[in-house]
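# What the coordinates show
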There are 2 protein chains.
Amino acid sequence: METRELRYFIAVAEELHFGRAAERLGMAQPPLSRAIQQLERRLGVTLLERTSRAVTLTEAGAVLLREGRAALDAVDAADRRTRRAAVAGAPALVLVTKAGATGELLPKLLDAYAAEPEAVAVDVILCGPGEQERLLRDGRADVALLHLPFDSATGFDTEDLRTEGQVAVLPAGHPLTARPHLRMSDVTTLPGLPMPRWPRLDGTYPDGPGPQVRDQTQLLQLIALGRAAAIMPESARPHRGEDVAAVPVLDAPPVTTVIAWPPHSRSRALAGLVRAATRL
Amino acid sequence: METRELRYFIAVAEELHFGRAAERLGMAQPPLSRAIQQLERRLGVTLLERTSRAVTLTEAGAVLLREGRAALDAVDAADRRTRRAAVAGAPALVLVTKAGATGELLPKLLDAYAAEPEAVAVDVILCGPGEQERLLRDGRADVALLHLPFDSATGFDTEDLRTEGQVAVLPAGHPLTARPHLRMSDVTTLPGLPMPRWPRLDGTYPDGPGPQVRDQTQLLQLIALGRAAAIMPESARPHRGEDVAAVPVLDAPPVTTVIAWPPHSRSRALAGLVRAATRL
DNA sequence: CAGAGACGATACCCGTCCGGTATCGCCGCC
DNA sequence: GGCGGCGATACCGGACGGGTATCGTCTCTG
């Protein structure tokens with residue numbers, strides 16, 4: 001099976017329409033039809049059920065869509081990491097983490113690693129929630145800082161770095177800020193202070209009462225304005241009070257920050273960074 | 001990057017010899033040379049350093065060898081799992097585990113799962129130590145029973161099933177068998193009873209004094225003959241005494257049996273099997 | 001020191017296969 | 001019943017993969 005065939009099939013399986021898939025691939029429809037037929041013939045498997053009105057996935061097609069995406073990610077990762085490895089003076093490691101979520105842990109880690117004799121240049125990518133896994137999987141990043149249980153570390157090697165409780169972040173002066181600590185139920189049901197809605201991976205937002213937010217800054221501003229409340233790890237709490245206050249939430253699930261990397265990529269540089277992280 | 005190019009490069013990178021690699025690939029040497037040049041040109045990266053006497057990997061080449069193997073495994077997995085998904089009546093799940101190492105856990109699991117209403121056929125593969133990961137990675141198997149810390153579950157999702165201590169297995173009548181329990185140091189230094197040597201993944205054996213063994217049966221026979229001793233999980237201990245005796249080893253690392261599967265393959269059947277396993 | 005041998009690169013040729021255009025067959029819908 | 005949308009088929013040209021023959025270079029040897 002060639003990656004070209006995989007790319008073709010995935011386009012068709014996602015569009016469920018040969019014409020649109022061909023357009024997306026920048027080619028004409030007939031060779032695409034033929035390529036899919038050939039793929040089916042070589043596999044000995046029917047991947048798509050076609051009528052002149054609709055195209056649907058067979059069960060085997062659904063399997064190939066799932067597995068094929070993972071395989072293409074792996075091929076892309078090989079491509080990207082190889083290219084990066086060849087550029088002299090380029091960052092030898094790319095670290096990805098959620099924007100504004102690691103507090104002082106990230107600078108500490110970078111400093112500690114940079115102090116090592118064999119340290120190499122480390123690039124940092126800050127991205128939105130949930131994107132880290134994809135970057136790690138398709139080779140745009142080599143290592144990530146993740147927050148369990150929010151992020152999923154499935155398929156990666158990890159080392160635990162820190163476990164912490166969560167705090168409720170509320171507008172300064174809100175009655176609850178006088179309390180020494182809170183419970184989840186105190187915070188999730190506040191009238192007039194709904195929890196914000198974060199975008200899904202595809203950019204759409206779930207339904208609900210809360211305001212839509214894209215990043216930490218927006219969130220803090222909304223809280224300061226008295227339009228929202230949020231629960232976040234202690235270390236993500238803003239330190240200089242910008243009209244917001246933080247109160248520990250006793251029964252919020254603890255958050256573990258882990259350093260994660262693809263299990264097969266045990267380069268010297270990566271090993272050094274992981275070592276530096278675990279010594280923090 | 002096409003899988004054909006990856007296969008070619010990996011062959012050359014492993015052989016470090018274009019002629020032998022071409023032979024292994026069943027093709028002539030010149031087109032192979034050209035394909036590698038083209039791959040290097042497209043990547044914009046030198047992968048191999050050639051003289052007329054030797055071929056060596058560049059750093060980027062080493063990266064592509066590692067990453068490319070993983071990528072090819074992922075493509076092969078997509079191929080195999082798609083083929084299997086299409087065959088009606090074929091086993092919908094393939095479980096792999098080390099031959100003779102799971103004791104009664106495996107039949108219990110299969111029975112428990114088979115009793116479920118939506119159970120599908122499960123094939124079982126028994127293989128040598130260390131091979132499970134590869135089968136899981138390249139799609140010949142869907143789920144595995146692994147023994148931490150002996151096997152590595154990196155890159156897979158897992159659920160813990162059981163943790164147990166280890167026992168020393170000794171020839172019946174050996175003085176140590178009278179003791180109620182032992183320490184590692186008691187067993188590893190026994191004069192005339194060396195620990196056996198297991199084959200590596202490539203089939204070669206490490207150097208050392210112990211006899212070479214390939215499976216559990218050989219091992220037990222050698223122990224019964226008074227030629228070896230071994231340390232193994234309690235559940236792997238032979239139950240009908242075949243001239244061997246087992247004594248708990250207090251300070252041996254505990255062994256955890258886990259059920260493991262590729263993180264992206266969350267099929268209904270697999271989920272059912274994992275559920276049955278965790279309920280045991 | 002010259003010649004043989006090993007090895008990767010180059011030159012050149014042929015067949016296959018990929019991709020394009022034109023068109024067909026089928027089906028739902030005004 | 002004709003029109004339009006959609007996937008399949010037919011056919012063609014060009015690119016590319018793979019084969020054989022040969023070269024350039026380096027090393028070892030008689």
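What you see as residue numbers is a count from 1 along each chain, following the sequence as written. Labels are handed out in written order, letters beginning with A for the chains and numbers beginning with 1 for the ligands. Confidence filtering applies because this is a predicted model: local features only for residues at pLDDT of at least 70, side-chain atom pairs given and counted only at 80 or more, and all residues used for totals across whole chains, interfaces and linings. Derived side-chain values reflect all non-hydrogen atoms in the structure, with water molecules and hydrogen atoms excluded from consideration.

## Describing the relation of the copies chain A and chain B
Superposing copies: least-squares fit, C-alpha atoms only, residues required to have pLDDT of at least 70 in both. Turning chain A through 180° and shifting it by 0.0 Å along the axis lays it on chain B, with an RMSD of 0.2 Å. The relationship between the two copies is best expressed as a two-fold rotation axis. Residue Gly155 of chain A of chain A places its C-alpha closer to the rotation axis than any other residue of that unit, at 2.0 Å. A shared binding surface is used by both copies, with 100% of the interface residues of chain A retained as interface residues in chain B. Contacts are assigned to residue pairs with any non-hydrogen atoms lying within 4.5 Å of each other.

## Section: the nonpolar core
Nonpolar cores are built from buried Ala, Val, Leu, Ile, Met, Phe, Trp, Tyr and Cys residues. Side-chain atoms within 4.5 Å join them into one set. Relative accessible area decides the class of each residue, using a 1.4 Å probe on protein chains only: under 20% of the type maximum gives buried, over 50% gives exposed, and in between gives partly exposed. Formed by 56 residues in total, the largest nonpolar core has its most connected members in Phe9 and Leu64 of chain A together with Phe9 and Leu64 of chain B. Among the elements of the structure, helix H1 (3-15), helix H2 (18-25), helix H3 (29-43) and helix H4 (59-86) of chain A together with helix H1 (3-15), helix H2 (18-25), helix H3 (29-43) and helix H4 (59-86) of chain B are those that each provide at least two residues to this core. Setting aside chain neighbours within four positions, we find Phe9 of chain B in contact with Ile36, Leu39, Leu47, Leu48, Leu57, Gly61, Leu64 and Leu65 of chain B. Helix and strand definitions here come from DSSP, where helices need a minimum of 4 consecutive H or I residues and strands a minimum of 2 consecutive E residues; each element is numbered from the N-terminal end.

## Examining H3 of chain B
A helix's residues, less one, multiplied by 1.5 Å, set its expected span. The end-to-end C-alpha distance of H3 of chain B is 21 Å, a good match for the 21 Å that 15 residues give at a rise of 1.5 Å each. Buried residues along H3 of chain B sit in contact with H4 of chain A together with H1, H2, strand E1 (48-50) and H4 of chain B. Once H3 of chain B ends, the next one or two residues include Gly44 of chain B, with phi positive near 70°.

## Here we look at the environment of Thr177 of chain B
Residue and element names in this part refer to chain B. Structurally, Thr177 is set in the loop between strand E7 (166-171) and helix H7 (184-188). Between the alpha carbons of Thr177 and Val247 there is a distance of 6.3 Å; along the sequence they are 70 residues apart. Setting aside residues up to four positions removed in sequence, Thr177 forms contacts with Leu170, Pro171, Ala245 and Val247. Any pair of nitrogen or oxygen atoms within 3.5 Å is treated as a polar contact; in protein, a donor-acceptor pairing is required on top of that, and neighbouring residues in sequence qualify only through side-chain atoms on both sides. There is a polar contact of 2.5 Å between the side chain of Thr177 and the backbone oxygen of His174.

## Considerations on the protein's contact with DNA strand D
Working definition: residue near molecule or strand if any one of its non-hydrogen atoms lies within 4 Å of it. Residues in close proximity to DNA strand D total 21 residues, the closest being Ser33 and Arg50 of chain A together with Tyr8, Arg34 and Ser52 of chain B. Arg4 of chain B has a polar side-chain atom sitting 3.3 Å from a phosphate oxygen of DNA strand D. Note that a phosphate oxygen of DNA strand D is positioned 2.8 Å from one of the side-chain N or O atoms of Tyr8 of chain B. Those elements that provide at least two residues to the surface near DNA strand D are H2 and H3 of chain A together with H1 and H3 of chain B.

## Concerning the interface of chain A and chain B
Accessible area lost upon the coming together of the parts is a frequently used measure of interface size. Taken together, the 36 residues of chain A in the interface contact 36 residues of chain B. Of the roughly 3,000 Å² buried between chain A and chain B on both sides combined, carbon and sulfur atoms contribute 63%. Considering only the surface of chain A that becomes buried against chain B, Met1, Glu67 and Thr82 of chain A emerge as the three largest contributors, covering 19% of it. For this analysis, a salt bridge means a side-chain nitrogen from Lys or Arg found within 4 Å of a carboxyl oxygen belonging to Asp or Glu. At the boundary of chain A with chain B, the tally comes to two salt bridges. The closest approach of N and O atoms between Arg81 of chain A and Glu67 of chain B, which form a salt bridge, is 3.0 Å. Where the side of chain A that touches chain B is concerned, the elements lending two or more residues are H1, H3 and H4 of chain A. Looking at the side of chain A that touches chain B element by element, the count peaks at 18 residues for H4 of chain A. Counted by class, the side of chain A that touches chain B contains 17 nonpolar, eight polar and eleven charged residues. The quantity reported as buried area is the accessible area (1.4 Å probe) lost by two parts once they are put together, taken as the sum for both. Under this grouping Gly is polar, as are all residues other than the nonpolar Ala, Val, Leu, Ile, Met, Phe, Trp, Tyr, Cys and Pro and the charged Asp, Glu, Lys and Arg.

## A few points about the protein's contact with DNA strand C
Near DNA strand C, the surroundings consist of 21 residues, among which Tyr8, Arg34 and Ser52 of chain A together with Ser33 and Arg50 of chain B are the closest. Among the atoms of DNA strand C close to the protein, meaning within 4 Å, 65% are from sugar or phosphate groups. Within the contact set of DNA strand C, a phosphate oxygen lies 3.4 Å away from a side-chain nitrogen or oxygen of Gln38 of chain A. Here a base nitrogen of DNA strand C sits 3.0 Å away from a polar atom, N or O, in the side chain of Gln29 of chain B. For the surface near DNA strand C, the secondary-structure elements that each account for two or more residues are H1 and H3 of chain A together with H2 and H3 of chain B. Per-element accounting of the surface near DNA strand C gives the leading share, five residues, to H3 of chain B. Here the residues of the surface near DNA strand C are counted per class, giving eight nonpolar, eight polar and five charged.

## Re the pairing of strand E4 (residues 122-127) of chain A
Residues and elements named next belong to chain A. Relative to E4, strand E3 (residues 93-98) runs parallel, the two sharing six bridges. When the bridges of E4 are listed, Val94 appears paired with Asp123. By convention, orient the strands away from the viewer: a clockwise path from the first strand over the helix to the second makes the crossover right-handed. For the segment spanning E3, helix H5 (residues 105-114) and E4, crossover handedness is right-handed. Strands qualify as paired when DSSP identifies two bridges or more between them.

## Things to note about the sheet that holds E3 of chain A
Residue and element names in this part refer to chain A. Strands sit in the order E4-E3-E5-E10-E6 across an open sheet of five strands; the sheet is mixed. Each edge of the open sheet is held by one strand with a lone partner, namely E4 and strand E6 (157-164). Going across the sheet, the axis of each strand differs from the next one's by a mean of 25°, ignoring polarity. In this analysis, axes come from line fits to C-alpha atoms, helices being fitted only over the stretch in contact, and the angle between any two N-to-C directions falls in the range 0 to 180 degrees.

## So, the packing of H1 of chain A against H3 of chain A
Residues and elements named next belong to chain A. Following both chains from N to C, one finds H1 and H3 inclined at 110°, their axes separated by 10 Å at the closest point. Judged by the inter-axis angle, H1 sits roughly perpendicular to H3. For the pair H1 and H3, the crossing hand works out as left-handed. For the pair formed by H1 and H3, the contact residues are Glu5, Tyr8, Phe9 and Val12 on the first element and Leu32, Ala35, Ile36, Leu39 and Arg42 on the second. A breakdown of the residues in the contact of H1 with H3 according to their chemical character gives seven nonpolar, no polar and two charged. Under this scheme an angle from 65 to 115 degrees is roughly perpendicular, one under 35 degrees roughly parallel, and one over 145 degrees roughly antiparallel; angles in between are oblique. By the definition used in this description, the sense in which the near helix is turned from the far one sets the handedness, with an anticlockwise turn below a right angle giving left-handed and a clockwise turn giving right-handed.

## Digging into the sheet that holds strand E9 (residues 244-249) of chain A
Residue and element names in this part refer to chain A. What the three strands build is an open sheet, ordered E8-E7-E9; its pairing is antiparallel. Across the chains shown, the open sheet's two edge strands, defined by having one partner strand only, are strand E8 (230-233) and E9. With strand direction ignored, the average angle separating the axes of adjacent strands in the sheet is 35°. As judged from the four bridges shared by strand E7 (residues 166-171) and E8, these two strands associate in the antiparallel manner.

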